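Given next are the chains, with one letter for each unit.
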Amino acid sequence: HRSAYSIVLSRRISDTDGGFLGVVVGSIRFSYFHDLFARLTLTPGDTITVLRRDRTIIMRTPFDLDIIGKNLAERTSWNQANMKSGSYSGAGPVDPIPRLWVRHNGTGPLYVVVGKPLESILSLWRTEAIRIAAIVAATCIGLGFWQLQRLSDRRTRNAAIERERSRDPVPIAT
């Protein structure tokens, strides 16, 4: 794996007085993230971005080596206030596709931002809304026909009763 791309992380170790005790260094190969993200069920347009605290992109799926190492500090929509845990919608830092962004901002040196295109979310919503509207419309039409049938039956019964009354006049008491 000599030519494999990797991320090198380091952390200073200090004593209780703040004096230097050493450095811990570790590395993570990009293949680790590729394998991890490949196990997830993502749809076209979904993104997962791993960032450092200073908003430098460490890894992203879909993978693009030109994006790795890009700092998002100058992006107003990706400023420090926006990067708290939670969600927001809008264009992302890499492409103009509007997405719903969800992020988890723990206490570690990295955080994750997941994006799903708004169009795919709204498409699912539209499909469900159309299905529900069709069910409601069919129910209303069915109830309307049922009510018309009841009205027709009532008119038929009333007409039969009127015919009977016209044949048998009520005797008038004298």
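See the structure shown above.
Quick look at the structure, then. (Residues numbered from 1 in each chain as written. Predicted model: local features only at pLDDT ≥ 70, side-chain atom pairs only at ≥ 80, totals over all residues. Heavy atoms only, no water.)

What follows covers the packing of aromatic side chains. Across all of its chains, the model carries three aromatic pairs by this definition. On the basis of an interplanar angle of 65° and a centroid distance of 5.6 Å, the ring pair of F30 and F63 is categorised as edge-to-face. Separated by 33 residues along the polypeptide, F30 in helix α1 (residues 30–38) and F63 in the loop between β4 (57–61) and β5 (86–91) bring together distant segments of the chain. Since its relative accessible area comes to 6%, F30 is described here as buried. (Phe/Tyr/Trp six-rings, centres within 6.5 Å; stacked < 30°, edge-to-face > 60°. Helix = DSSP H or I, 4+ residues; strand = E, 2+ residues; numbered from the N terminus. Buried < 20%, exposed > 50% of the residue type's maximum accessible area, 1.4 Å probe, protein only.)

Here the residue pair T61 and P62 is connected by a cis peptide bond, since its omega of 5° sits within 30 degrees of zero. Locating P62 in the fold gives a position in the loop between β4 and β5. Positive phi outside glycine occurs at R55, with the angle close to 70°. One can find R55 in the loop between β3 (47–52) and β4. Its relative accessible area of 13% is what places R55 among the buried residues.

Here we take up the nonpolar core. Ranked by internal contacts, the top residues of the largest apolar core, which has 17 residues, are F33, F37, V50, L51, I57 and M59. Taken together, the elements giving at least two residues each to this core come down to α1, β3, β4 and β7 (110–117). If we ignore the near neighbours within four places in the chain, the residues touching F33 are I7, I28, V50 and M59. (Core = buried A, V, L, I, M, F, W, Y, C linked by side-chain atoms within 4.5 Å. Contact = heavy atoms within 4.5 Å.)

Here the focus is the pairing of β7. With burial as the criterion, only one face of β7 is covered, namely that bearing Y111, V113, G115 and P117; the residues L110, V112, V114 and K116 on the opposite face remain uncovered. Judged from the six bridges that link them, β3 and β7 form a sheet pairing that is antiparallel. Residue pairing in the sheet places T49 in a bridge with V113 of β7. Pairing of strand β6 (residues 98–104) with β7, which is carried by six bridges, proceeds in the antiparallel orientation. Counted as the bridge partner of R99 is P117 from β7. (Pairing = 2+ DSSP bridges.)

What follows covers the pattern of salt bridges. Considering all chains together, one arrives at six salt bridges under this definition. Between D54 and R52 there is a salt bridge, and its shortest N-O distance comes to 2.6 Å. D54 sits in the partly exposed class, given a relative accessible area of 34%. Via salt bridges that share partners, R60, D95 and R99 belong to a single interconnected network. (Salt bridge = Lys/Arg side-chain N within 4 Å of Asp/Glu carboxyl O.)

Moving on: a nonpolar patch on the surface. Taken together, the side chains of V8, F20, V23 and V25 present a nonpolar region at the surface, about 410 Å² in accessible area. The dominant element in the nonpolar patch, judged by the number of residues it contributes, is strand β2 (residues 20–29), at three residues. In this fold, V25 is placed in strand β2. Classification of V25 by relative accessible area gives exposed; the value is 59%. (Patch = residues over 30% accessible without salt bridge, like charges linked within 9 Å, V, L, I, M, F, W, Y side chains within 5 Å. Areas by Shrake-Rupley, 256 points an atom, 1.4 Å probe, with all protein chains shown as cover.)

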